[in-house]
Each structure stands twice: as C-alpha cells, then as structure tokens.
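Structural features, examined
If you want the building blocks of each chain, they are given just below.
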Amino acid sequence: MKKSRTDIKVVKSYGFARICRVKHGERKIYTPTLIYDLEENVKEYVQDLPATISFLSNEFNTCSKEISDNVMVLKLTGDVDIERDFQIIVITDGIYITKKSRNFIKRIIDLREKISFETLIYLAFTPIRLIPILVYLGVDLFDYEELKIQAYKGRIFINNDFIDISDLDEIPCKCNVCSNKSLNEMTVEDIINHGINKLKEILLNIKYHLKKGTFREYLEYICSNNTHLMEYLRIIDNDMYNIFERYVGLY
C-alpha cells in the first residue's frame, strides 16, 4: 500500500508567523501545533526526549543530517547548509541558543529565509514561555518536555510562566484537571496535564489572532507580562525591523 504524502500549505500569515494546513491522507491539522499531533516519521526520533535531543546534538557534529527524504535535523549554532527542500527541519540545540536572544533571533531568521515558506520548523525541547515569540519568528512545531521537568521540580505553568506551587494558596485555574482539586491533591501528572491544557490554549489563541489579523497586538499583550519575551520583541523591533516589515508586506 502506497504511503500517503504529507502536503503542507500556508493558509494565513503575518510575516514569518503563519498557519499551515498539514494534510496527511484524509487527516488535516493546522500549525502552530504540538509535534505529537503529526503523523510523520520525525516522531520516531523524538519519542524519548530529552535523551534523543542530547543524542542528536552530540552526534550531528557536522551541524545537519538528513534522517529521511522529508526531515532534516540540524544545529542552529553551526553553519546551516540546506541544498534542497524538506518538509520538516528539526532544530536540536534550540534550548541552548535561545538563552542568547540576539544570536538566536539572527540565526532563526537566517534559516527561515533559506528554506521554503512551506517547510515546517520544529524547535525540539521547546522553551515553553517563548512560544508566542517563536511563532513570530517562523517556528511551527513544539513539544512540552519542559513542562515535565518543571512539574517534577514542583513548578506549575500559569500565565505563560512557571510558578512554584508552594507559593500558591490556591490554583488560579478552572481547567478539567484543576477544577475539582485542591493544591494538596495535585500530583506531578496533574501539573503536567494542566500545563498541556494551558499550552494548547496558547496555541489556539495564536491561531485565532493570526486568522483575525490581530496577532501583533496579541503578541505585545503577552510580552508585556514577561521581561524575557519583551527583550526578544525589542531586539526584533530594533534590529530586524526592515526584514519583518518586508515579510509582513509580502504575506
């Protein structure tokens, strides 16, 4: 039986940020979304995060490696050389390079300009709090491995930030995980599932505002409550204004 091809089409965009329709057989999903939603062989290489990412980062010393006809993994810290189109680019060292905001912004924009606009970018081991900015920079696919690590540290994801659950008197959330539980009843699994609910809510909001043409306003609102996000937005606006203005005009 012939395997169905995955077709990717940009259906709405604001600069580098966009909604892509990913069609595999009869199934359709829309990015930005979680990597776990894809029916694509890239999942074979990311099932055991973060161990897999550590392996990829250590082994692919040549900076990039094709792992299938449709998928390439690469280190953003190296010289990126892409000779043909792929459907998905997996960035394995994003968790490290995002700590250097100006360098990361420059490199991710450089990558986005080198590849097809229909190519999806997956930033493995996603820094959860940066997702609104990552979408603005053209990243499409995310994971929630950081949620798990933070949960085991006793930190819960609220208002796009991680907070020590011991500092709370009650859970300021009414999702299906939190609504009928007290703080003392929250298990690590509950904290993780709560975080996934909040993460999906953020992604839905991003898609909604992209559809409505109000993504920039939404981004400014989210960034205003987070100094790290605001730092990213300031760098983009001050240093990359001409690039973003050109792409906002094109798309």
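Look up: the structure comes first, before these words.
Residues numbered from 1 in each chain as written. Predicted model: local features only at pLDDT ≥ 70, side-chain atom pairs only at ≥ 80, totals over all residues. Heavy atoms only, no water.

Moving on, we come to the pairing of strand β3 (residues 27–31). In this sheet, β3 lies alongside strand β2 (residues 17–24) in antiparallel orientation, the contact comprising 5 bridges. In the sheet register, K23 faces β3, and the bridge partner there is K28. Hairpin connection of β2 to β3: 2 residues between the antiparallel strands, including G25 at a positive phi of 65°. (Pairing = 2+ DSSP bridges. Helix = DSSP H or I, 4+ residues; strand = E, 2+ residues; numbered from the N terminus.)

Right, let's get into the pattern of salt bridges. Per the stated rule, a full pass over the model turns up 13 salt bridges. Between D164 and R155 there is a salt bridge; the shortest N-O distance is 3.3 Å. Residue classification places D164 among the partly exposed positions, given a relative accessible area of 31%. For R155, a relative accessible area of 24% corresponds to the partly exposed category. (Salt bridge = Lys/Arg side-chain N within 4 Å of Asp/Glu carboxyl O. Buried < 20%, exposed > 50% of the residue type's maximum accessible area, 1.4 Å probe, protein only.)

Another point: the packing of helix α5 (residues 145–152) against helix α6 (residues 188–212). For the pair α5 and α6, the least separation of the axes is 9 Å and the interaxial angle reads 140°. Relative to α6, the crossing made by α5 is right-handed. Contact with α5, carried on its side by L147, K148, A151 and Y152, involves V188, I191, I192, G195, I196 and L199 of α6 and no other residues of that element. Its residues assigned to classes, the contact of α5 with α6 comprises 8 nonpolar, 1 polar and 1 charged. (Axes fitted to C-alpha atoms, helices over the stretch in contact; angles between N-to-C directions. Left-handed = near helix turned anticlockwise from the far one by under 90°. Contact = heavy atoms within 4.5 Å. Nonpolar A, V, L, I, M, F, W, Y, C, P; charged D, E, K, R; others polar.)

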